[in-house]
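What follows is each chain in one-letter form.
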Amino acid sequence: MFHLTLLVLLCCATSISAGTIKKPSASHSGEYGGNGGLRFSHSVDQLDGPITALGIRTNASYITGLLVRYGRKWSDYVGGPSGELQTIMLNPGESITQVSGKFDSYICKLKFQTNLGRRFSFGVDVGTSFTAIPLFPGAILTYISGRSGAVIDAIGFHWNVEFGGGARH
Ligand SMILES: *[C@@H]1O[C@H](CO)[C@@H](O)[C@H](O)[C@H]1NC(C)=O
């Protein structure tokens, strides 16, 4: 009985510290890749809104750079200058629900899938595969983090239920 009470207290303390009492919905996948580069995180960018576009730079070997648009605002660019930058725009109501890819010491390939059934693939088929999906039903990709230098060394994916407050398009 004591143990049960303690568990209930712990559980409620966690919910209250998160602002509102609700079911857990956040999870993360990764980080995938190597240890080089400097750490980056879009945890603050996510406050600008849900992900509405992606810019991914690739050369013949690696994912060399990226930026993400949250609501109407682009994140800082991370990565290097090698290769070509491609941009994809999500449609209204479209969210990323799965990311797969390949890595060795760097990120070689990224493939994004959306809730509207679209897939966007970048990079080359080399290295170890990963598949990143949210733990909780209905959660979507809300921000990314990782390590970058001349390339994207590593990447992690953060999932949650959609924010109510963010501007979309
Ligand atoms: C891709 O970019 C990285 C980082 O600049 C570089 O080391 C690598 O040689 C490039 N690969 C090709 C095929 O250009």
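You'll find the structure just up there.
Everything numeric here is computed off the predicted structure, so don't read it as measured data. Numbering of residues starts from 1 in every chain and runs along the sequence as written. In keeping with the model being predicted, local features are shown solely for residues with a pLDDT of at least 70 and side-chain atom pairs are shown and tallied solely at 80 or more, while totals for entire chains, interfaces and linings include all residues. In computing side-chain values, all of the structure's heavy atoms are included and hydrogens and water are not.

### A look at the sheet that holds strand S11 (residues 128-132)
As a general point, the strands of a sheet are linked pairwise by backbone hydrogen bonds and lie either parallel or antiparallel. What counts is decided by this rule: Two strands form a pair only when DSSP identifies at least two bridges running between them. Secondary structure counts use DSSP, requiring at least four H or I residues in a row for a helix and at least two E residues in a row for a strand, with both numbered from the N terminus. In this analysis an axis means a line fitted to C-alpha atoms, helices contributing only their contacting stretch, and an angle means the value between N-to-C directions, from 0 to 180 degrees.
With antiparallel pairing, 4 strands are arranged side by side in an open sheet as S10-S9-S8-S11. Two strands in the sheet have a free side with no partner beyond their single neighbour: strand S10 (119-123) and S11. When strand polarity is set aside, the average angle formed by the axes of neighbouring strands in this sheet is 10°. Pairing analysis gives 5 bridges linking strand S9 (residues 107-114) to S10, with the strands arranged antiparallel. Note on S10: the bridge partner recorded for Phe-112 is Phe-120.

### Quick look at the nonpolar core
Condition: Residue types Ala, Val, Leu, Ile, Met, Phe, Trp, Tyr and Cys, when buried and joined through side-chain atoms within 4.5 Å, form a set referred to as a nonpolar core. Summary of the burial criterion: residues with accessible area below 20% of their type's maximum are buried, those above 50% are exposed, and those between are partly exposed, where the area comes from a 1.4 Å probe applied to protein chains only. The contact criterion used throughout is that any non-hydrogen atoms of two residues lie within 4.5 Å.
Ranked by internal contacts, the top residues of the largest apolar core, which has 30 residues, are Leu-110, Ile-144 and Phe-157. Of all the elements in the fold, those that place two or more residues in this core are strand S3 (51-58), strand S4 (63-70), strand S8 (96-103), S9, S10, S11, strand S12 (140-148) and strand S13 (152-160). Among all residues touching Phe-157, those that are not within four sequence positions of it are Ser-27, His-28, Ser-29, Tyr-32, Val-99, Leu-110, Phe-130, Ala-132, Leu-141, Tyr-143 and Ile-144.

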